[in-house]
Every structure is written in structure tokens, then in C-alpha cells.
Amino acid sequence: MKKLLLALSVFSILLLVAACGSGGSKDSSSESVLEKLKKVGKVKVGFANEKPYAYEDEDGELKGAAVEIAKQVLNNLGIEEVEGHLSDFGNLIPGLGAGKFDLITAGMAITPDRCKNVRFGEPEIQYGEGLIVATGNPMELKSYKDIAANPDIKIAVMSGATEIDFLIREGVDESQIMKVPDIPASFSAVESGRAHATTGTEMTIKMALESANQDKLEFVNDFTQPEIEGNPSFGAAAFRIDDDEFREAYNAELAKLKEEGKIEDLITPSGFSADMNVVDVNLTTESICSGENY
């Protein structure tokens, strides 16, 4: 009996200590991500140096259409400082999950697969695909199907990009796809002859080629867009799965910008247009993640 009473007493003490400990932990961590960000007035964003969506200029300042939208939304939330964290595109989602940054601002396309690992904000911008080849287009490539038709063709694609999936669905064999870390590396692969072409979102590779100011490559102006699910793509900010309050607050401010017609003003300085790149206000991320509008 004494042993039983002693055991019960010890158990009661342990429960009390545990309760006190968990209570303290709860109090110290009760502050939400959004509240913390508002308090410090700064947010860390992951980006992949993909002009004109998100990139770092010569002065080290974060620029681009997706960045301008995010800056305006965050500013309206009371978060004035945006700290950019450069990452390879394929490492953005893992980096977000690992806590290296608070959200992704890269014009990342919403896809059902990505929706399993992050929570996207509502669509911010839409875009199609583009193709770059050696000057003169010696292999006469004008579509993904042209690449699929010739197994000897190699195409360089940024690792983690949606274009890899698009190419495979258009019949391109995985052995034909050369994965590279970024746009400059894809250009280098074509220039050196290691690849015959590279692809990416239309505005990204077109502007990157213009900035490169070289004559060994050319943009395929008569490229045929792939008629597949996921094209056109819809870019959005991406949040950690558990950061619902932050995402919902972001979406609320984004909705105001859409209703006021301010998205066009934020993206046109980066070369986008209202006709081609502004998203229908009725399109939702949920419908894209479910596959209904993918």
C-alpha cells in the first residue's frame, strides 16, 4: 500500500511538472508566424534569380513582377522589409519547408504535385512557354513534339521547373532532358553544343536572352505552345503548409489589389501585359490544385 501511495504521489508530481512545462512552452510559442513577422517588420523570401519574375539586380536589390506584388501585399500587412534569399529553383520548396525563408516569391507555377508540399496563395500572374535554340535553328525545332520526334535532340531545362513535366507529357524521353541549376547554365549548354535547345517560361528566357546580348542563340518566335494541362501556368506565392493565418492574410490583401486593378501596374514595368499575363479574378488556387483548371 505504501509503495502504491508513493508511486501515485510521484506520478502526480510528474504530471504537475509536465503541465507547468507545457504551459510555459505554449505561452512562449503562442505567437503566430504572422504576428512575429509584423513585430520584426521583416520577411525572408526565397527566390531563384529568374528574370522577370524575381531576381537580384546589380545593386543587390530584389526585383521582378512577383516581387513587386509580394512587396505591396506585405507592406499592406505592415511588413515593410523584404529580405531575399537566393536559391536554385529546385531547392525553393525544400528550403521553405526547412525554415530557410518564410515564403517563396518566384512566380512559381501552381501544380497539383507542388500543392502536396506547400500551400499556394491565390494566382498572381499567368504565362506560357518559350524555346531557345542555336542561331538559325539548325534542327528546325518549333515545338516540344519536334524534340520528341528526334531522340538525338537534347534539351537543357532548369531543375525543378514545370517544363520537365511538360516535355515528358509531349513525348520527350527523360534521357533527352539535361537538368541544369539555372538559366545561364541552360544557355551555356546550348552554346557549347551539349544541348540543342533550352526551354522555360516565355518571358523568362526571352528577357534573359536579351540581357545576355550575344548572337549565338535565338528565341523561337513561331514556337507552338503545348496543348496540355498546366499550360498556361499560374504563378503564386508559396507558404509552409501550417502557415494558414499568414497565407489567408496575404490572400486578403492580394484580393484587394486585384479588385482595384493594381496588379497590371505592378507587373507591366517588368515587361508583362494586362492582356497576356493578368489572371482572371475568378480563378482559384483550389481549382488548380484539384486539377479542375490545370
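This write-up is about the structure you can find in this document. (Residues numbered from 1 in each chain as written. Predicted model: local features only at pLDDT ≥ 70, side-chain atom pairs only at ≥ 80, totals over all residues. Heavy atoms only, no water.)

1. Considerations on the overall build of the chain
Applied cut-off: Only runs of H or I of at least four residues qualify as helices and only runs of E of at least two qualify as strands under DSSP, and these elements are numbered from the N terminus. Partly exposed residues are those whose accessible area sits between 20% and 50% of the maximum for their type, while under 20% is buried and over 50% is exposed, using a 1.4 Å probe and protein chains only. Note on areas: Shrake-Rupley, 1.4 Å probe, and residue coverage restricted to the protein chains presented here. Under this rule, positive means Lys or Arg and negative means Asp or Glu; His and the chain ends count for nothing. Charge coordinates come from a single atom per side chain, which is NZ of Lys, CZ of Arg, CG of Asp or CD of Glu.
Along the chain, the regular secondary structure elements total twelve helices and 14 strands. Among the 294 residues that make up the chain, the fraction classed as buried is 46%. When the accessible area of the chain is evaluated, it comes to approximately 14800 Å², of which 49% is carbon and sulfur surface. Each charge class in the chain was averaged separately, 28 positive and 50 negative side chains, and the resulting centres sit 10 Å apart.

2. Examining the pairing of strand β9 (residues 155–158)
What counts is decided by this rule: Criterion used throughout: strands pair if DSSP finds at least two bridges between them. If the strands point away from the viewer and the path from the first strand over the helix to the second runs clockwise, then the crossover is right-handed.
Of the two faces of β9, both are covered, the one formed by Ile155 and Val157 as well as the one formed by Ala156 and Met158. The pairing of β9 with strand β10 (residues 177–180) spans four bridges and is classified as parallel. In the strand pairing of β10, Ala156 is matched with Met178. You can see the chain leave β9, run along helix α6 (residues 162–169) and come back into β10, and the turn it takes is right-handed. Pairing between β9 and strand β11 (residues 197–201): two bridges, direction parallel. Bridging across to β11, Ala156 finds its partner in Thr198.

3. A look at unusual backbone geometry
Note that the residue after Lys51, namely Pro52, is joined by a cis bond; omega there is 10 degrees. Residue Asn231 is joined to Pro232 through a cis peptide bond whose omega torsion reads 5 degrees. Topologically, Pro232 is positioned in the loop between β12 (217–219) and β13 (233–235). Positive phi, normally seen in glycine, also occurs at Asn49, with a value near 55 degrees.

4. Focus on the side chain of Asp243
The condition is simple: Throughout, a contact is declared for two residues whenever any of their heavy atoms are within 4.5 Å.
Here Asp243 shows up in the loop between β14 (238–239) and α9 (244–259). We classify Asp243 as buried; its relative accessible area is 9%. The contact partners of Asp243, leaving out residues within four places of it in the chain, are Val33 and Asp102.

5. A short note on the pairing of strand β8 (residues 129–134)
The element β8 is extensively covered by neighbouring structure, given that five of its six residues are classed as buried. In this structure, β8 lies alongside β11, joined through five bridges in antiparallel fashion. Along β11, the bridge assignment pairs Val133 with Ala197. Note that β8 and β12 share three bridges and pair antiparallel. For Val133, the partnering residue across the bridge sits in β12 and is Glu218.

6. Quick word on the sheet that holds strand β1 (residues 42–47)
The pairing of strands in a sheet happens through backbone hydrogen bonds and is either parallel or antiparallel. One open sheet accounts for five strands, arranged β4-β1-β5-β14-β6; its pairing is mixed. Since the sheet does not close on itself, it has two edges, and those belong to β4 (81–86) and β6 (119–120), each with one partner. In terms of strand pairing, strand β5 (residues 103–104) meets β14 through two bridges, oriented antiparallel. Along β14, the bridge assignment pairs Ile104 with Ala238.

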